[in-house]
Amino acid sequence: MNSLNKRKSALLVCMGLVMALVLTVFAPAAGMEVQAVRKVTSNYKYRKAPAAKTGTTIVTARPYKESNNRKKAMTAVSWVKFTAPKAGTYQFTFSDYVVKANKNEKFYGAITMHTGISSYADSSYPQTYLKVKTNGGKTYTLYMCSPSAYIKPAKADTYDSLSTRTATVKLKKGQIVFMDFNNGSTITCKVKIKKK
């Protein structure tokens, strides 16, 4: 083999090693991004709520309905839950809050944070409300609107309906956060959760 062929062979080997290195470094990261996106549909019973996890979850939340509980009419909201894998501060970002059948429709709704399992077996709500930090202060309820309905306030407070809401809260390991979606139509919403 002459010196030119040897150089070509060495170059091909080097290029192969570089490609292998690139695939080793970037392929797992790309795979993790795909795995991080989940799709769930909320449940009217909080004890059966599907799980959102750290990363991004696309939630389909069904509209509220009137139901009978011990012959007393009440509004039923639909639920999604998150269980903290570790103790620490978690950030929840809610965005892309739109009507599933018409993403351009102007729409308003709310997401309320709860925690704890009620001691009453037939209870329709968790044990307590969970106060979170958000635009404008601390609150239990995050008022949402579709991007088409959003009007930028001079200064956001807890009662403004925003197209993107961020909530920050400190959680214990294993603590469950229940998110109740209160909306009059079936909506989809992107929920991104990360540990700060």
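Above this text sits the structure in question.
The structure contained in this document is the topic of the report that follows.

Rules of the game
- Residues numbered from 1 in each chain as written.
- Predicted model: local features only at pLDDT ≥ 70, side-chain atom pairs only at ≥ 80, totals over all residues.
- Heavy atoms only, no water.
- Phe/Tyr/Trp six-rings, centres within 6.5 Å; stacked < 30°, edge-to-face > 60°.
- Helix = DSSP H or I, 4+ residues; strand = E, 2+ residues; numbered from the N terminus.
- Buried < 20%, exposed > 50% of the residue type's maximum accessible area, 1.4 Å probe, protein only.
- Salt bridge = Lys/Arg side-chain N within 4 Å of Asp/Glu carboxyl O.

One pass over the structure, following the stated rule, counts 9 aromatic pairs. Relative to F178, the ring of W79 has its centre 6.4 Å away and its plane inclined at 90°; by these criteria the two rings are edge-to-face. Remark: F178 occurs in strand β14 (residues 176–182) and W79 occurs in strand β6 (residues 78–83); sequence separation between them is 99 residues. Here the two residues W79 and F178 agree in accessibility, since each one is buried. Note on Y143 and Y159: the rings are 6.3 Å apart at their centroids and 35° apart in plane angle, and the pair reads as tilted. Linking Y143 in strand β12 (residues 141–145) with Y159 in the loop between β12 and β13 (165–171), this pair joins segments that are 16 residues apart in sequence. On the basis of relative accessible area, Y159 is assigned to the exposed category, the value being 64%.

Turning to the pattern of salt bridges, a few remarks are in order. According to the stated counting rule, one finds 1 salt bridge in the structure shown. Between D96 and K190 there is a salt bridge whose closest N-O contact spans 3.5 Å. Residue D96 is located in strand β7 (residues 88–99), and its partner K190 is located in strand β15 (residues 187–195); the two are separated by 94 residues in the primary sequence.

By themselves, these observations are geometric and do not establish any function.
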